[in-house]
Amino acid sequence: VQLQASGGGLVQAGGSLRLSCAASGRTFSSYAMGWFRQAPGKERDFVAVINWGGGYTYYADSVKGRFTISRDNAKNTVYLQMNSLKPEDTAVYYCAASSSGGTVVVGWDYWGQGTQVTVSS
């Protein structure tokens, strides 16, 4: 599976962005999909995960209620809708695919190249 993330950019605090992650390969619908983020000088952190069918989602506490993960298996794409953005959300955002999911980096099988999100105060 190859993943291509897009949709990042510069936004003011309180604004919104929608990230997209397009996947190649015919087995997309069999993978859990997730978003992680990495701020400068920090480790890569879990943001959100969605199961293969889209019926289960889970979020980091820091984004719960503000971010929404979704997927369209017909388009081989996963999305991250980010609302009420804060300066502390500034990071490179990565999408990932896994046969098992989880909230830690280890265990995710495939990674996209990352897209920069910058939130100004």
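These figures come from a predicted structure and were not determined experimentally.

Looking at the side chain of Arg71
Its location among the elements puts Arg71 in strand β7 (residues 67–72). Separated by 3.4 Å, the side chain of Arg71 and the backbone oxygen of Trp52 make a polar contact. The contacts of Arg71, once residues within four sequence positions are left out, are Phe28, Ser29, Tyr31, Ala32, Met33, Ile50, Asn51, Trp52, Gly54, Thr77 and Val78.

What to know about the pairing of strand β3 (residues 17–23)
Among the seven residues that make up β3, five are buried, leaving the element largely enclosed by the rest of the structure. By the bridge criterion, four bridges tie strand β1 (residues 3–6) to β3 in an arrangement that is antiparallel. Paired with Ala5 across the bridge in β3 is Cys21.

Focus on the state of the cysteines
Here the structure, examined in full by the defined rule, presents one disulfide. Here Cys21 pairs with Cys95 through a disulfide, and the sulfurs are 2.1 Å apart. Here the S-S torsion is close to 60°, and the disulfide linking Cys21 with Cys95 is therefore right-handed. In this pair, Cys21 sits in strand β3 while Cys95 sits in strand β9 (residues 91–98), placing the two residues 74 residues apart along the sequence.

Basis of the calculations
The residue numbers shown here count from 1 along each chain, following its written sequence. Where totals are concerned, whole chains, interfaces and linings use all residues; where local detail is concerned, this predicted model gives features only for residues with pLDDT of at least 70, and gives and counts side-chain atom pairs only at 80 or more. Neither water nor hydrogens contribute to the side-chain values; these are computed over all heavy atoms in the structure. Numbering of helices and strands runs from the N terminus, with a helix taken as a DSSP run of H or I at least four residues long and a strand as a DSSP run of E at least two residues long. Any pair of N or O atoms that falls within 3.5 Å is considered a polar contact. Within protein, one atom must be able to donate a hydrogen and the other to accept it, and sequence-neighbouring residues count only if both atoms are side-chain atoms. Only heavy atoms enter the contact rule, under which two residues are in contact if any of them lie within 4.5 Å. Here the term buried applies to any residue with accessible area under 20% of the maximum for its type, exposed to any over 50%, and partly exposed to those in between, with areas from a 1.4 Å probe on protein chains only. Think of it this way: DSSP has to see at least two bridges between two strands before they count as a pair. For the purposes of this analysis, a disulfide is any pair of cysteine sulfur atoms at a distance within 2.5 Å.

Shape descriptors only; they carry no functional weight alone.
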